[in-house]
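# Structural overview for review
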Amino acid sequence: GEVKRLAPRTAHHQREPLGMASSRPILASLIAVLACSAWSPRVEALGPVGDAVRNVLGRFGRDKSDWFDLVLLENDALKEGAVCLDGSPSGYWFRKGNQENKWLIFIEGGGWCYDERECLSRSRTFLGSSDAWPRDRPVDRPLFSADPKVNPTFYDWNIVNVGYCDGASFSGNVTDPVVVDGKKIYFRGARILDQVMRHVKEKQGLSGDVIMSGCSAGGLTTILHADKVAAQLSDVTTSFRAMPFSGFFPITPNFQGDPWFRVRADNVYKMQRVEPSLNEACLADNAHDHVRCFEAEHAYRYIKTPIFLINSLYDAWTVQNIYNITSDTVPAKDVPKVVPFLNERSRLVFNLIRGAPNYNNVGNGDFLHSCMTHCGGCCTDEGWDKVSVKGETVRDAIGRWVEGGNGNNVRTDDACVYTNGPPYQCNPTCPPFPPI
């Protein structure tokens, strides 16, 4: 049960920020795409300054369907300890739709903090504290758009956009605060998720058809906890489904052969006391290695909730972090091995998803593609309605899955693999690699 103190990153360790430059041909193309595909929550980062600007320019006479309003969980939720890393209230942004009984719950992402010092640093940002969250924010993603031409499926749904501030995909549950450098931090993600769902049900009137979604760490949250949330809301829902974006992170050695991500997952699992929040059947079947149930490739196999998985087989965050492929970490002599490595790993991810025993369950499906992007499917115009597989976009595949109800299996054909030479990218609708 000891939590490891992780070594500082060097040139041979994964690096979080995207956007490296390189003169190496294949790697230059890959890294440049990583830079283009990085998505960051611009609105949250503005904090109080963003609030002030919007108060002056945007609040009066605005169309409410184009804005979210912040709801902070205080009173009972605070008594239950549902707080961010820094102890501030957790919460969500809400936009009321015209369809009373249609609800999209979207979980924000933002990675994990891998040890206590990283979590302390995170507690001073919008990913660990609600203090800088704007009290209103514009609808800036196609998945949330109120324009039926842009978003024909969800344009008039109620949307709950859950803020992410616990650092472990809403999975931790440590009773006492942890003191780091004299500062208290709190690992309470499981309590936050429970209290958010309770509040939305009791205060916002959630009922009817519900889809739980999210991207990156929020997509993983959906994979890990959809069944639990479905059970919590079962008394008011007529249907409950899951739709994670970019949340399927493989546990595999990196390009250098090191088990980097597994070590980090194990550390977060112990540090945040994740086990009680995980799937009981998975834990029973993996009694020798409970950490598996904190990993998408194992948790996915136990989901009973109908699920539609949207994921790149060449996910940009995975390439740079889990595979450790950057301009700093791949020597020139190994550059020719990069594309074959990525193609092999794409087959691994594809087989982990398609080989799951529940994959063919009624209502399950996927949209698997080869674009080197991350969260593009929900959160960029290009990824939403321009990238296509066999002529179908993410937007249209989701619409077909939603409209088909629990009895409609929607899935893409086998995704293509990269070529060893230009243009590398095999799907012409994906964002192109830049000129070499």
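Residues numbered from 1 in each chain as written. Predicted model: local features only at pLDDT ≥ 70, side-chain atom pairs only at ≥ 80, totals over all residues. Heavy atoms only, no water.

Glancing now at the overall build of the protein chain. Check the secondary structure of the protein chain and you find 14 helices and 13 strands. When each of the 436 residues of the protein chain is scored for burial, the buried share is 58%. In the protein chain, 78% of the contacts between residues at least 6 apart in sequence involve partners at least 24 apart. Of the accessible surface of the protein chain, which amounts to about 17,100 Å², a share of 52% is contributed by carbon and sulfur atoms. (Helix = DSSP H or I, 4+ residues; strand = E, 2+ residues; numbered from the N terminus. Buried < 20%, exposed > 50% of the residue type's maximum accessible area, 1.4 Å probe, protein only. Contact = heavy atoms within 4.5 Å. Areas by Shrake-Rupley, 256 points an atom, 1.4 Å probe, with all protein chains shown as cover.)

With that out of the way, let us pick up the state of the cysteines. As enumerated under the stated definition, the model contains seven disulfides in all. The disulfide that involves Cys 282 links it to Cys 293, with 2.1 Å between the sulfurs. The chirality of the disulfide connecting Cys 282 with Cys 293 is left-handed, given an S-S dihedral of about -95°. Separated by eleven residues along the polypeptide, Cys 282 in helix α8 (residues 280-285) and Cys 293 in the loop between α8 and α9 (296-299) bring together distant segments of the chain. Overall, the relative accessible area of 2% leaves Cys 293 in the buried class. The disulfide partner of Cys 371 is Cys 430, and the S-S distance across this bridge is 2.0 Å. With the S-S dihedral at roughly -85°, the linkage between Cys 371 and Cys 430 falls on the left-handed side. (Disulfide = S-S within 2.5 Å.)

Here we come to the packing of aromatic side chains. All chains considered together, the criterion is met by 19 aromatic pairs. Both rings, one in Phe 249 and one in Phe 261, keep their centres 6.4 Å apart while their planes meet at 65°; by these two values the pair is edge-to-face. Here Phe 249 is found in the loop between β9 (237-245) and α7 (260-271), whereas its partner Phe 261 is found in helix α7, with twelve residues between them in sequence. A single burial state applies to Phe 249 and to Phe 261, both of which are buried. When the ring of Tyr 269 is compared with that of Phe 294, the centres are 6.4 Å apart and the planes differ by 50°; the resulting orientation is tilted. With Tyr 269 in helix α7 and Phe 294 in the loop between α8 and α9, this pair connects stretches of sequence that are 25 residues apart. A relative accessible area of 9% places Tyr 269 in the buried class. Ring pairs connect the aromatic residues Trp 112, Tyr 114, Phe 249, Trp 260, Phe 261, Tyr 269, Phe 294 and Trp 317, which therefore count as one cluster. Its guanidinium or amino end placed over the ring of Trp 93, Arg 137 lies 4.7 Å from that ring's centre, counting from NZ or CZ. Of note, Arg 347 hangs over the ring of Phe 350, and the distance from its end group to the ring centre comes to 4.9 Å. (Phe/Tyr/Trp six-rings, centres within 6.5 Å; stacked < 30°, edge-to-face > 60°. Lys NZ or Arg CZ within 6 Å of the ring centre and 35° of its normal.)

Tracing the backbone through its elements, the reader meets Asn 158 in strand β5 (residues 158-162). Among the polar contacts made by the side chain of Asn 158, one reaches the main-chain amide nitrogen of Gly 97 at a distance of 2.8 Å. Polar side-chain contacts of Asn 158 include one of 3.5 Å to the backbone oxygen of Glu 100. Setting aside anything within four residues of it in sequence, one finds Asn 158 in contact with Phe 94, Arg 95, Lys 96, Gly 97, Gln 99, Glu 100, Lys 102, Trp 103 and Leu 104. (Polar contact = N/O pair within 3.5 Å; in protein donor to acceptor, adjacent residues only side chain to side chain.)

Grouped together as the largest cluster of nonpolar side chains are 114 residues, with contacts concentrated most on Leu 143, Met 243, Phe 245, Tyr 300 and Ile 398. Ignoring any residue separated from it by four or fewer positions in sequence, one finds Leu 143 in contact with Leu 104, Phe 106, Asn 151, Phe 154, Ile 159, Met 243, Phe 245, Cys 378 and Trp 384. In this structure, Leu 85, Cys 119, Val 178 and Phe 187 belong to the second largest nonpolar core, which totals ten residues. (Core = buried A, V, L, I, M, F, W, Y, C linked by side-chain atoms within 4.5 Å.)

With twelve residues, α7 ought to run about 16 Å at 1.5 Å a step, and its terminal C-alpha atoms sit 17 Å apart, in line with that. When you tally the buried positions in α7, you get nine out of twelve residues, the bulk of the element. Regarding α7, the residues found buried are Trp 260, Phe 261, Arg 264, Ala 265, Asp 266, Asn 267, Val 268, Tyr 269 and Met 271. Of the surrounding elements, those touching the buried residues of α7 are α4 (116-122) and α10 (316-322). (Expected span 1.5 Å × (residues − 1).)

Residue Pro 423 follows Pro 422 across a cis peptide bond; omega there is 5°. In this fold, Pro 423 is placed in the segment after α14 (394-403). Positive phi is not limited to glycine here, since Arg 273 has a value of about 50°. Mapped onto the elements, Arg 273 comes out in the loop between α7 and α8.

Next up on the list: the pattern of salt bridges. As enumerated under the stated definition, the model contains 19 salt bridges in all. Measuring nitrogen to oxygen at the nearest pair gives 2.6 Å for the salt bridge that ties Asp 289 to Arg 262. Here Arg 262 lies in helix α7 and Asp 289 lies in the loop between α8 and α9, a separation of 27 residues in the sequence. Via salt bridges that share partners, Arg 262, Asp 289, Arg 292 and Glu 295 belong to a single interconnected network. (Salt bridge = Lys/Arg side-chain N within 4 Å of Asp/Glu carboxyl O.)

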